[in-house]
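Structural overview for review
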Amino acid sequence: MRKINITGTFLDEISHDIPHQNWGKKEWSQDFTHMKQMGIKRVVLIRCGYKKWLTYPSQVLHKQEKAFTPYLDLVSLFLELSEKNQMEFYFGLYDSGRYWTSGNYKDEIRINKKVIEEVWELYGHSSAFKGWYLSQETNRNAGAIIDLYAELGGYCKTISGGKQVLISPYIDGVKNISQYTQQTETTTSISLDQHFKDWEEIFFGIKNAVDLVAFQDGHVAFEELAEFIQVNKQLADQNGLHSWINTESFDRDMPIKFLPIKWDKMHFKLEAAAQAGIQEALTFEFSHFMSPQSAYPQAGHLYQRYLEYKNS
Amino acid sequence: MRKINITGTFLDEISHDIPHQNWGKKEWSQDFTHMKQMGIKRVVLIRCGYKKWLTYPSQVLHKQEKAFTPYLDLVSLFLELSEKNQMEFYFGLYDSGRYWTSGNYKDEIRINKKVIEEVWELYGHSSAFKGWYLSQETNRNAGAIIDLYAELGGYCKTISGGKQVLISPYIDGVKNISQYTQQTETTTSISLDQHFKDWEEIFFGIKNAVDLVAFQDGHVAFEELAEFIQVNKQLADQNGLHSWINTESFDRDMPIKFLPIKWDKMHFKLEAAAQAGIQEALTFEFSHFMSPQSAYPQAGHLYQRYLEYKNS
Amino acid sequence: MRKINITGTFLDEISHDIPHQNWGKKEWSQDFTHMKQMGIKRVVLIRCGYKKWLTYPSQVLHKQEKAFTPYLDLVSLFLELSEKNQMEFYFGLYDSGRYWTSGNYKDEIRINKKVIEEVWELYGHSSAFKGWYLSQETNRNAGAIIDLYAELGGYCKTISGGKQVLISPYIDGVKNISQYTQQTETTTSISLDQHFKDWEEIFFGIKNAVDLVAFQDGHVAFEELAEFIQVNKQLADQNGLHSWINTESFDRDMPIKFLPIKWDKMHFKLEAAAQAGIQEALTFEFSHFMSPQSAYPQAGHLYQRYLEYKNS
């Protein structure tokens with residue numbers, strides 16, 4: 001069986017649950033070098049802002065959401081480092097943490113349209129600007145999620161001359177549980193049938209606005225993973241979306257939320273994705289959980305284990 | 001606007017919620033050197049003992065509270081290192097963890113008066129012994145907290161010939177939540193008006209016994225912080241107490257309790273304190289959350305980010 | 001008073017609550033060297049498998065429990081490193097995480113008998129294979145725990161020509177609380193009398209099948225520990241079991257579950273065991289919590305503190 005390679009990573013800025021590493025320009029520059037050496041060729045900003053915290057000095061969000069001005073323009077830095085390392089950069093939209101999460105999808109769309117315009121104006125000239133990431137993650141066809149994806153994805157394309165649009169949904173499995181509890185499992189999980197029905201509708205509704213889908217692989221029991229990935233791949237294929245896997249490099253089974261995953265688990269998940277015919281993986285995310293300079297030394301060992309596997 | 005500098009740190013011994021670093025004399029000596037290089041000129045022992053664990057071999061607490069004898073006399077070590085590095089040392093009183101927390105303020109006062117006598121006898125000769133820290137933290141005018149502060153602060157002064165007395169209260173904000181839950185926010189918060197009323201009474205009641213106040217800056221939403229600090233500063237000024245800020249260097253917004261704070265957040269909080277006219281900051285605390293030799297490598301990066309800011 | 005030395009450690013594979021360090025052969029080899037330098041002469045595999053995750057490629061567990069094949073044969077590696085470092089290796093049985101925990105002790109025994117046969121066939125030839133560890137931990141005489149220990153211990157001896165059998169129970173004290181909560185204490189604790197009665201029965205029932213007992217020392221309040229250890233030692237002596245202590249090197253009192261313990265606490269616990277006449281300690285466990293190459297740098301400092309004590 002063909003091996004699947006990790007060719008991309010999220011950049012967890014703004015993080016809302018992983019403690020920050022406090023890197024400056026020098027450390028970020030080194031980290032992109034580590035990424036490149038592992039075979040990473042694309043980076044995805046998980047979100048450009050969350051509530052009041054931003055990655056770039058947005059006039060729109062400062063004025064309309066009273067967001068704080070960041071100490072450093074990370075979008076500018078990440079684009080510069082992407083150019084330098086010949087990587088593709090995907091820009092993650094703003095997550096208000098209040099509009100769409102309380103059912104108000106219209107204002108989530110409204111504010112993000114302005115962000116899209118502002119960002120394209122500020123950074124669209126960069127040769128590394130490859131596409132967009134819709135940062136509102138979902139697991140079911142709930143609320144107006146189809147409208148949100150279709151409208152924002154479509155607007156990204158309109159503004160940017162058709163740049164690619166990526167989403168990274170998850171599965172409503174036994175490990176879909178708040179990170180703000182020390183529990184690791186719930187007793188309820190979506191059935192494969194219901195998951196199929198939900199995503200049949202979602203993919204159909206967004207197929208003109210979204211090009212790429214990378215399902216998160218950490219929310220179901222390991223033994224259930226393969227069949228969920230196969231359903232996801234099949235439905236994506238039917239609707240013309242290209243599939244990657246989002247292989248999580250942190251461990252959801254431990255009381256400490258979150259430290260790097262055990263290599264055996266990551267290996268298991270990569271093989272499950274390869275079996276479903278997926279050819280490339282993104283990971284969430286390199287800098288905390290796989291980097292040799294991570295504050296978690298387990299990450300550097302995971303990097304070595306992955307490289308041994310890749311080169312074996 | 002004038003920048004505010006971090007000129008002091010707590011020493012988290014005895015810790016009751018931050019895992020221990022297991023440093024010996026050599027590591028503590030190095031850490032004081034790191035502190036000095038960052039501009040720190042005063043250290044505050046957070047408490048000399050908590051329940052049965054002690055920082056110094058107290059006969060009083062061994063006999064009356066059945067406390068355990070510590071492996072190393074940390075008070076002696078910290079005074080020696082303070083002298084060597086020309087730093088001011090503040091001694092934190094004993095926290096029984098049972099008398100005052102169950103409403104029995106009299107026994108908290110009784111046992112601490114004996115501690116004050118013993119400590120002054122043992123360590124009062126040190127040229128670094130600058131003052132006292134009342135380790136019983138409060139956020140409201142509840143229980144007999146005014147009596148506790150007034151009586152213990154007064155007794156410290158009487159015994160030591162008027163040495164300075166410091167307190168570090170907190171605000172009963174949305175992040176005032178037990179560290180023994182993985183939640184990060186509660187739904188209730190004190191109003192600014194009620195906070196004003198409580199602290200108007202407290203400051204008035206303790207003004208002859210307490211000289212210095214350093215409010216903790218981590219319990220309210222970031223956007224609310226500036227106005228709370230301004231109220232605190234105003235009320236302290238009215239009653240003749242000098243204000244520092246206690247800028248927390250750990251992150252209260254994350255499921256892992258606790259790792260170093262994101263620099264952007266610390267920067268935001270320092271600016272809020274500077275706007276209120278505060279000129280110096282203590283931090284809780286350097287050795288875990290800002291030290292280049294911390295077990296959390298994020299701390300060393302925070303140290304670098306702070307130095308870049310300070311020297312910019 | 002004689003000092004007690006740490007002469008053994010558990011190997012936390014398969015872990016079910018401590019995040020993995022992702023070590024390969026090189027890192028494990030280095031760690032055994034670190035162990036040896038600290039005086040460790042025996043290692044105990046905590047369990048050979050937990051639910052679907054295994055330490056060795058077991059045909060039995062793959063077929064009957066649908067367990068996953070491990071990336072690396074850790075049992076083989078640990079035996080090789082034990083031989084190289086003249087250490088004794090104890091093999092921990094399989095923990096189904098479902099049979100015995102739901103009252104079905106018969107199937108836990110059934111599957112483990114096959115594991116014992118398979119393991120002895122695969123690894124029994126190793127000169128380092130010193131004995132067995134019954135991985136089903138208990139604190140009370142509940143369920144059919146006596147049957148489980150007696151039958152599995154007896155079977156280990158029968159198959160292996162009488163190799164030693166070890167258990168490591170715990171005490172149902174105030175810190176016997178799920179690791180999947182951030183609380184650190186419960187309000188109920190077993191009485192010393194009830195503990196005595198339970199273990200009088202258990203030891204009597206297993207004395208022909210179990211040779212060694214190492215009680216965990218972390219579940220009761222520090223001030224209660226000495227008397228519990230004395231009861232344990234006395235009852236073990238009466239029934240001809242040899243006692244070690246299992247001194248936990250992680251801290252149960254902190255919101256982060258789990259980081260290395262404060263040296264003062266470990267020192268306190270070692271002294272309590274020495275007072276009861278115990279001569280050697282195992283620790284749970286060296287590689288995360290005491291190793292100079294642990295991902296938690298506090299562990300390396302604990303290593304230094306222990307060595308200073310041992311050599312003082």
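What you are looking at is a predicted structure, and each value in this text was computed from that prediction instead of being measured.

Reading the values: the criteria
Residues numbered from 1 in each chain as written. Chains lettered and ligands numbered in written order. Predicted model: local features only at pLDDT ≥ 70, side-chain atom pairs only at ≥ 80, totals over all residues. Heavy atoms only, no water. Least-squares fit on C-alpha atoms with pLDDT ≥ 70 in both. Contact = heavy atoms within 4.5 Å. Buried area = accessible area lost by both parts, 1.4 Å probe. Polar contact = N/O pair within 3.5 Å; in protein donor to acceptor, adjacent residues only side chain to side chain. Helix = DSSP H or I, 4+ residues; strand = E, 2+ residues; numbered from the N terminus. Salt bridge = Lys/Arg side-chain N within 4 Å of Asp/Glu carboxyl O. Buried < 20%, exposed > 50% of the residue type's maximum accessible area, 1.4 Å probe, protein only. Axes fitted to C-alpha atoms, helices over the stretch in contact; angles between N-to-C directions. Parallel < 35°, antiparallel > 145°, perpendicular 65-115°, else oblique. Left-handed = near helix turned anticlockwise from the far one by under 90°. Nonpolar A, V, L, I, M, F, W, Y, C, P; charged D, E, K, R; others polar. Pairing = 2+ DSSP bridges. Expected span 1.5 Å × (residues − 1). Right-handed = clockwise from strand over helix to strand, strands pointing away. pLDDT = per-residue confidence, 0-100. Phe/Tyr/Trp six-rings, centres within 6.5 Å; stacked < 30°, edge-to-face > 60°.

1. A short note on the relation of the copies chain B and chain A
Screw-axis analysis of chain B against chain A gives a translation of 0.0 Å along the axis, an RMSD of 0.0 Å, and a rotation angle of 120°. Such a combination of turn and shift is consistent with a three-fold rotation axis.

2. Focus: the interface of chain A and chain C
Facing 24 residues of chain A, the contacting portion of chain C comprises 28 residues. When the two sides are added together, the surface that chain A and chain C hide from each other amounts to roughly 2300 Å², 60% of it contributed by carbon and sulfur. Viewed at the interface, chain C and chain A are joined by 4 residue pairs in polar contact (both at pLDDT 80 or more). Every element with two or more residues in the side of chain A that touches chain C is listed here: α7 (222–238), α8 (263–275) and α10 (297–310) of chain A. Top element by residues in the side of chain A that touches chain C is α10(A). It accounts for 6 residues.

3. Side note on the pattern of salt bridges
Two side chains with opposite charge may pair up if their charged atoms get near one another. Residue and element names in this part refer to chain A. Following the criterion strictly, the structure yields 48 salt bridges over all chains and no others. The shortest N-O distance in the salt bridge between Arg98 and Glu65 comes to 2.9 Å. Taken together, the residues span a long stretch of sequence, with Arg98 in the loop between β5 (88–92) and α4 (105–123) and Glu65 in helix α2 (residues 59–65) at a distance of 33 residues. For Lys233, the salt bridge is made with Asp237, and the minimal N-O distance between the two is 2.9 Å. Highlighted residues: Lys233 and Asp237, both in helix α7, separated by 4 residues, approximately one helical turn. The exposure class of Lys233 is buried, given its relative accessible area of 17%. Residue Asp237 is classed as partly exposed on the basis of its relative accessible area, which comes to 43%.

4. As for the environment of Glu88(C)
Residue and element names in this part refer to chain C. Here Glu88 is to be found in strand β5 (residues 88–92). We classify Glu88 as partly exposed; its relative accessible area is 24%. With 165 residues separating them along the chain, Glu88 and Asp253 place their C-alpha atoms 32 Å apart. Look past the residues within four positions of Glu88 in its chain and what remains in contact with it is Lys41, Arg42, Val43, Ala128 and Lys130. A polar side-chain atom of Glu88 sits 3.2 Å from a polar atom in the side chain of Arg42.

5. Brief notes about the packing of helix α6 (residues 192–206) of chain B against helix α7 (residues 222–238) of chain B
All names here are of chain B. For the pair α6 and α7, the least separation of the axes is 10 Å and the interaxial angle reads 25°. Here α6 lies roughly parallel to α7, going by the angle between them. By crossing handedness, the relation of α6 to α7 is classed as right-handed. Where α6 approaches α7, its residues Leu192, His195, Phe196, Trp199, Glu200 and Phe203 are matched on the opposing element by Glu227, Phe228, Val231, Asn232, Gln234, Leu235 and Ala236. Of the residues that constitute the contact of α6 with α7, the class distribution is 8 nonpolar, 3 polar and 2 charged.

6. Focus on the relation of the copies chain A and chain C
In screw terms, the move from chain A to chain C is a rotation of 120° and a rise of 0.0 Å along the axis, fitting with an RMSD of 0.0 Å. Here only 12% of the contact residues of chain A are again contact residues in chain C; the copies associate through non-equivalent surfaces.

7. Re the side chain of Ser291(B)
Along the chain, Ser291(B) falls in the loop between α9 (286–289) and α10 (297–310). Ignoring sequence-local partners within four residues, the contact set of Ser291(B) consists of Trp23(B), Asp31(B), His34(B), Phe286(B), Ala299(B) and Gly300(B).

8. Brief notes about the pairing of strand β8 (residues 212–216) of chain A
Residue and element names in this part refer to chain A. The element β8 is extensively covered by neighbouring structure, given that 5 of its 5 residues are classed as buried. Residues Leu212, Ala214 and Gln216 line one face of β8 and the alternating positions Val213 and Phe215 line the opposite face, and both faces are buried. Pairing of strand β7 (residues 164–167) with β8, which is carried by 2 bridges, proceeds in the parallel orientation. The residue bridging Ile167 from the neighbouring strand is Val213, located in β8.

9. Considering helix α4 (residues 105–123) of chain B
If you check α4(B), its first and last C-alpha atoms are 26 Å apart, about what 19 residues at 1.5 Å a residue would give, namely 27 Å. What α4(B) keeps buried is the set Tyr105(B), Glu108(B), Ile109(B), Ile111(B), Asn112(B), Val115(B), Ile116(B), Glu118(B), Val119(B) and Tyr123(B).

10. Side note on the interface of chain B and chain A
Contacts between the two partners involve 24 residues from chain B and, on the opposite side, 28 residues from chain A. Summed over both partners, the interface of chain B with chain A comes to about 2300 Å²; 60% of that surface belongs to carbon and sulfur atoms. In this assembly, chain B and chain A are joined by 1 salt bridge. In this structure, Glu27(A) and Arg305(B) form a salt bridge, with 3.6 Å as the shortest nitrogen-oxygen distance. On inspection of chain B and its partner chain A, the count reaches 4 residue pairs in polar contact (both at pLDDT 80 or more).

11. Concerning the pairing of strand β10 (residues 280–284) of chain B
Residue and element names in this part refer to chain B. Counted residue by residue, β10 has 5 buried out of 5 residues, so it is predominantly covered. Of the two faces of β10, the one carrying Glu280, Leu282 and Phe284 and the one carrying Ala281 and Thr283 are both buried. Both strand β1 (residues 5–11) and β10 contribute to a ladder of 4 bridges, which runs parallel. Within β10, the position partnered with Thr9 by the bridge is Thr283. Summarising the sheet, strand β9 (residues 242–248) and β10 pair through 4 bridges and their orientation is parallel. Within β10, the position partnered with Glu248 by the bridge is Phe284. Handedness of the crossover joining β9 and β10 through helix α8 (residues 263–275) is recorded here as right-handed.

12. Remarks on the sheet that holds strand β1 (residues 5–11) of chain A
All names here are of chain A. Ordered in space as β1-β2-β5-β6-β7-β8-β9-β10, the 8 strands form a closed barrel in which the pairing is parallel. With direction set aside, neighbouring strand axes in the sheet form an average angle of 30°. Bridging between β1 and strand β2 (residues 42–45) involves 4 bridges; their strand directions are parallel. In the sheet register, Leu11 faces β2, and the bridge partner there is Leu45. Relative to the sheet, helix α6 (residues 192–206) contacts β7 and β8, its axis offset from that of β8 by approximately 155°. With respect to the sheet, α7 is in contact with β8 and β9 (242–248), its orientation differing from that of β9 by roughly 150°.

13. Some words on the confidence of the model for chain A
Regions with low pLDDT carry predicted coordinates that are not meant to be interpreted in detail. Considering every residue of chain A, the mean pLDDT works out to 96; 100% of them sit at 70 or more. Our summary of model confidence lists the complex with pTM equal to 0.97 and ipTM equal to 0.96.

14. Notes on the packing of helix α1 (residues 25–38) of chain A against α10(A)
All names here are of chain A. At a closest axis distance of 11 Å, the pairing of α1 and α10 adopts a crossing angle of 25°. Considered as vectors, α1 and α10 are oriented roughly parallel to each other. Every residue of α10 that contacts α1 at His34, Gln37 and Met38 is listed here: Tyr303, Tyr306, Leu307 and Lys310. Classifying every residue of the contact of α1 with α10 gives 4 nonpolar, 2 polar and 1 charged.

15. Topic: the packing of aromatic side chains
All names here are of chain B. Counting across every chain of the model gives 95 aromatic pairs over all chains. Ring geometry for Trp263 versus Tyr306: centroids 6.5 Å apart, planes at 70°, classification edge-to-face. Remark: Tyr306 occurs in helix α10 and Trp263 occurs in helix α8; sequence separation between them is 43 residues. Across the pair, exposure class does not vary: Trp263 and Tyr306 are buried alike.

16. Topic: the sheet that holds strand β2 (residues 42–45) of chain B
Residues and elements named next belong to chain B. The 8 strands are arranged β1-β2-β5-β6-β7-β8-β9-β10 in a closed barrel whose pairing can be described as parallel. When strand polarity is set aside, the average angle formed by the axes of neighbouring strands in this sheet is 30°. Sheet strands in contact with helix α5 (residues 145–160) are β6 (129–133) and β7 (164–167), and its direction is about 150° off that of β7. Relative to β9, α7 is tilted by about 150°, and along the sheet it contacts β8 (212–216) and β9.

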